[in-house]
Amino acid sequence: MVLPVLRLVVSCRCQTAWRNLQQIQRTPLRQWLLKRRQTTVTTESGSASARSVSIPNAATDRVIGRWLLGCSGLVLGAVVLGGVTRLTESGLSMVDWHLVKEMKPPQTQAEWEEEFSKYQQFPEFKIMNHDMTLNEFKFIFYMEWGHRMWGRLVGLAYILPAVYFWRRRYFSRSMKARVLGLCGFVVFQGLLGWYMVKSGLEEKPESYDVPRVSQYRLAAHLGSALLLYCASLWTGLTLMLPATKIPDSRHLLHLRRFAKVTGGLVFLTALSGAFVAGLDAGLVYNSFPKMGERWIPDDLLAFSPTIKNVFENPTTVQFDHRILGIGSLTAITGLYLFSRRVLLPRRAKIAIGCLTAMAYTQVVLGISTLLLYVPTPLAATHQSGSVALLTFAIWVLAELRKVVK
């Protein structure tokens, strides 16, 4: 009889204690303490996860996008400066390559005379510039030195921020692969530049032509710079510009394909300009639309085997560049007309309009450069125009890209 009574008393006291505990938990102080503890736990776990995984988001994407657009602008400057260096025949003035030592140009008269004496030992001075003065040498030296220093600036602009962003975990896994590729390509570009210059410093007793760098190496150097520029610009634009959701249609699919083919043709036309510059092919036939008195010149296939004409015959190189230029203009005009049949956002229409306007401007610049016997300022503007045209083509592709769902 006593045992059941004791059990009843204990049960009542436990229930009373449980009600009191619930009342305490409902008090504002208790609730604040519980919420603070949960927040602390959540923050600690969030910090731990942030330390273990990357944190790319919209804000970091914008930062990376601005960085890559800035890098692409520096590459554009390097391409333009390289074109001017080639047009002023300054590229062979520095006969050595040192990563750090050459960053400081000659300061004293003795240092300048020593550098000039090195240059005098190579074919360009012996054949072309044997009457060059020291002051004239200083001009071409500073042109090439500026181009090399700009290249080093490009390398630092890619590599140093990449290391910082990597440590801050700004990159996603796919972006890490892209950034590694871009930085590696910058280093390769610098080595390729020296490999190109070496081809113009070699003695060629069997050749009676003026000393110049190999047009193959020049094309490889320019092509790699353009690839670096396109990759940086494309990645930066896709991170900066929000993708527009264009309604899918058969016309839009055809427009995207048309834009890709057109962009490839623009790139190929710009690359063919390297062979024109490397062989001084712009000085062969200075008439338009005919080449001399003929539409197709007699010496178009003068070299044997035939394939050699495409890369080594100045006449054929100029003819091919003309055809590619006219083909690019036709393709861009067709792209503009076809785009009018597709419902596009305003920004995409502006991009296609800019591409079309630049295409006609570039053709006028090219014809003017040819007819006026390649004056340096006009030729440099034409070379810069090819990169501007490529820029608008990349912009169009970025605007027309398919939205990933």
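Scroll up for the structure.
Everything in this summary refers to the structure shown in the same document. Keep in mind that what you see is a predicted model, and the values were worked out from it rather than measured.

### Quick notes on the nonpolar core
Counting 55 residues, the largest nonpolar core has Trp67, Tyr158, Leu344 and Leu400 as the members making the most contacts within it. Mapped onto this core, the elements with two or more residues apiece are helix H3 (58-87), helix H6 (134-167), helix H7 (173-201), helix H8 (215-240), helix H9 (250-278), helix H11 (314-339), helix H12 (346-371) and helix H13 (376-400). At nine residues, the largest contribution of residues to this core is made by H13. With near-sequence residues (within four places) excluded, Tyr158 lies in contact with Trp67, Cys71, Ser72, Val75, Leu182, Cys183, Val186, Leu228 and Ser232. Val197, Val213, Ala219 and Ala281 belong to the second-largest nonpolar core, a separate cluster that totals 15 residues.

### Let's talk about unusual backbone geometry
The peptide bond linking Phe288 to Pro289 adopts the cis configuration, its omega dihedral lying at 10 degrees. With respect to the element layout, Pro289 can be found in the loop between H9 and helix H10 (308-312). In this model, Ser304 is joined to Pro305 through a cis peptide bond whose omega is 0 degrees. Inspection of the secondary structure assignment puts Pro305 in the loop between H9 and H10. For Glu89, which is not glycine, the phi dihedral falls at a positive 55 degrees. As for its placement among the helices and strands, Glu89 is situated in the loop between H3 and helix H4 (109-119). A residue is classified by how much of its surface remains accessible, and Glu89, at 36% relative accessible area, is partly exposed. With a phi close to 55 degrees, Val374 is a non-glycine residue in the positive phi region. By the secondary structure assignment, Val374 is in the loop between H12 and H13.

### Considerations on the packing of aromatic side chains
Applying the stated criterion across every chain, the model contains 21 aromatic pairs. On the numbers, 5.2 Å between centres and 80 degrees between planes, the contact of Trp112 with Phe141 is edge-to-face. Within this pair, whereas Trp112 is found in helix H4, its partner Phe141 is found in helix H6, the two being separated by 29 residues in sequence. This pair shows no difference in class: Trp112 is buried, exactly as Phe141 is. On the numbers, 5.4 Å between centres and 65 degrees between planes, the contact of Trp112 with Tyr142 is edge-to-face.

### Side note on a nonpolar patch on the surface
Where nonpolar side chains cluster on the molecular surface, the patch consists of Trp97, Leu99, Val100, Met103, Leu156, Ile159, Leu160, Val163, Val187 and Leu191 and spans about 920 Å² of accessible area. A per-element tally of the nonpolar patch places H6 first, with four residues. Locating Met103 in the fold gives a position in the loop between H3 and H4.

### Description of the pattern of salt bridges
Here the structure, examined in full by the defined rule, presents eight salt bridges. In this structure, Asp280 engages Arg212 in a salt bridge whose closest nitrogen and oxygen atoms are separated by 2.8 Å. In this pair, Asp280 sits in the loop between H9 and H10 while Arg212 sits in the loop between H7 and H8, placing the two residues 68 residues apart along the sequence. Accessibility expressed as a relative area gives 27% for Asp280, which makes it partly exposed. Look at Arg212 and you get buried, because its relative accessible area is 15%. Between Arg294 and Asp298 there is a salt bridge; the shortest N-O distance is 3.2 Å. Among the charged side chains, a salt-bridge network with shared partners connects Arg86, Arg212 and Asp280.

Quick notes on the rules
Residues numbered from 1 in each chain as written. Predicted model: local features only at pLDDT ≥ 70, side-chain atom pairs only at ≥ 80, totals over all residues. Heavy atoms only, no water. Core = buried A, V, L, I, M, F, W, Y, C linked by side-chain atoms within 4.5 Å. Buried < 20%, exposed > 50% of the residue type's maximum accessible area, 1.4 Å probe, protein only. Helix = DSSP H or I, 4+ residues; strand = E, 2+ residues; numbered from the N terminus. Contact = heavy atoms within 4.5 Å. Phe/Tyr/Trp six-rings, centres within 6.5 Å; stacked < 30°, edge-to-face > 60°. Patch = residues over 30% accessible without salt bridge, like charges linked within 9 Å, V, L, I, M, F, W, Y side chains within 5 Å. Areas by Shrake-Rupley, 256 points an atom, 1.4 Å probe, with all protein chains shown as cover. Salt bridge = Lys/Arg side-chain N within 4 Å of Asp/Glu carboxyl O.

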